[in-house]
2 protein chains.
Amino acid sequence: MMVLITYDVSTMDTDGQRRLRQVAKQCENYGQRVQNSVFECLVDPQQFKELQLQLQKIVAPETDSLRFYHLGSKWKGKVEHYGSKKGYDPEGFLMI
Amino acid sequence: MMVLITYDVSTMDTDGQRRLRQVAKQCENYGQRVQNSVFECLVDPQQFKELQLQLQKIVAPETDSLRFYHLGSKWKGKVEHYGSKKGYDPEGFLMI
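Note that the structure is a prediction, hence the values are computed from the model and not measured.

The rules we used
- Residues numbered from 1 in each chain as written.
- Chains lettered and ligands numbered in written order.
- Predicted model: local features only at pLDDT ≥ 70, side-chain atom pairs only at ≥ 80, totals over all residues.
- Heavy atoms only, no water.
- Axes fitted to C-alpha atoms, helices over the stretch in contact; angles between N-to-C directions.
- Helix = DSSP H or I, 4+ residues; strand = E, 2+ residues; numbered from the N terminus.
- Parallel < 35°, antiparallel > 145°, perpendicular 65-115°, else oblique.
- Contact = heavy atoms within 4.5 Å.
- Nonpolar A, V, L, I, M, F, W, Y, C, P; charged D, E, K, R; others polar.
- Least-squares fit on C-alpha atoms with pLDDT ≥ 70 in both.
- Buried area = accessible area lost by both parts, 1.4 Å probe.
- Salt bridge = Lys/Arg side-chain N within 4 Å of Asp/Glu carboxyl O.
- Polar contact = N/O pair within 3.5 Å; in protein donor to acceptor, adjacent residues only side chain to side chain.
- Buried < 20%, exposed > 50% of the residue type's maximum accessible area, 1.4 Å probe, protein only.
- Pairing = 2+ DSSP bridges.

Caption draft 1: Structural view of the packing of helix α1 (residues 14-30) of chain A against helix α2 (residues 45-58) of chain A. Residues and elements named next belong to chain A. Where α1 meets α2, the closest approach of the two axes is 10 Å, and the angle between their N-to-C directions is 175°. Between α1 and α2, the interaxial angle falls into the category roughly antiparallel. Where α1 abuts α2, its residues R19, Q22, V23, Q26, C27 and Y30 lie against Q47, E50, L51, Q54, L55 and I58. Taken together, the residues that form the contact of α1 with α2 break down as six nonpolar, four polar and two charged.

Below you can see the structure in the form of structure tokens.
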């Protein structure tokens, strides 16, 4: 299933900058970065649970924000892109 | 229908900073900001077409990126939030 992950991490201090790097690094293990703070992750329910827990451990909930959008299996028809940095299909094919 | 809009706008120069403000302003007319560069817009197909065209006119496609995720009408069960700045239901109710 496809899960879209978006995040805001407060980078007012070095601790926030560290959290931001850690969140991105975790997401990179599970999916494709399509914008600065947006990842598309093709995961099974167990992997999603792991990733969600890892991210929740990293962020500071009083200042940072994580959002998870479940796009299901028929996600390809639900995504439109315009402009630069075109995302790649996490299943291995260039998205048109 | 619910459309999630995410964007990256290059703010290397003042023109980019202007584009970033304009993109956010247009999205504010149609939906709810849930993160810095993420809006949830409850729109009909005609409104979505208008918004999409307006955004495409604002951004610089060689440096900026827009993504549109069609979450459909049963979007509430597809969204999870963790941390700060909890989004508000664009239909008028606080999301739980």
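Caption draft 2: Looking closely at the relation of the copies chain B and chain A. Take chain B, turn it by 180°, move it 0.0 Å along the axis, and it overlays chain A with an RMSD of 0.0 Å. What the rotation and shift describe, once combined, is the action of a two-fold rotation axis. Among all C-alpha atoms of chain B, that of B:L71 lies closest to the rotation axis, at 3.6 Å.

Caption draft 3: Structural detail: the interface of chain B and chain A. Facing 34 residues of chain B, the contacting portion of chain A comprises 34 residues. Here chain B packs against chain A, burying approximately 3100 Å² in sum over the two surfaces, 45% of which is carbon and sulfur. Considering only the surface of chain B that becomes buried against chain A, B:R67, B:E80 and B:Y82 emerge as the three largest contributors, covering 26% of it. Linking chain B with chain A are two salt bridges. Of the charged contacts in the structure, one is a salt bridge between A:E40 and B:R67, with a shortest N-O distance of 2.8 Å. Applying the counting rule to chain B against chain A returns 30 residue pairs in polar contact (both at pLDDT 80 or more).

Caption draft 4: Molecular detail of the pairing of strand β3 (residues 38-42) of chain A. Residues and elements named next belong to chain A. Within β3, four of the five residues are buried, leaving the element largely enclosed by the surrounding structure. The sheet contact formed by strand β1 (residues 2-8) and β3 spans five bridges and is antiparallel. Each bridged residue has a counterpart across the sheet, and for T6 the counterpart in β3 is V38. Alignment of strand β2 (residues 31-35) against β3, held across four bridges, turns out to be antiparallel. Bridge assignment links Q35 to a residue of β3, and that residue is V38. Between the antiparallel neighbours β2 and β3 lie two residues.

Caption draft 5: Molecular detail of the pattern of salt bridges. Residues and elements named next belong to chain A. In total, this model carries 10 salt bridges over all chains according to the counting rule given. The salt bridge partner of D64 is R19, with a shortest N-O separation of 2.6 Å. Of this pair, D64 sits in the loop between α2 and β4 (65-72) while R19 sits in helix α1, placing them 45 residues apart in sequence. No difference in accessibility class separates D64 from R19, as the two residues are buried. Bridged by salt links that share partners, the residues D15, R18, R19 and D64 form one connected network.

Read these as spatial facts, not as claims about activity.
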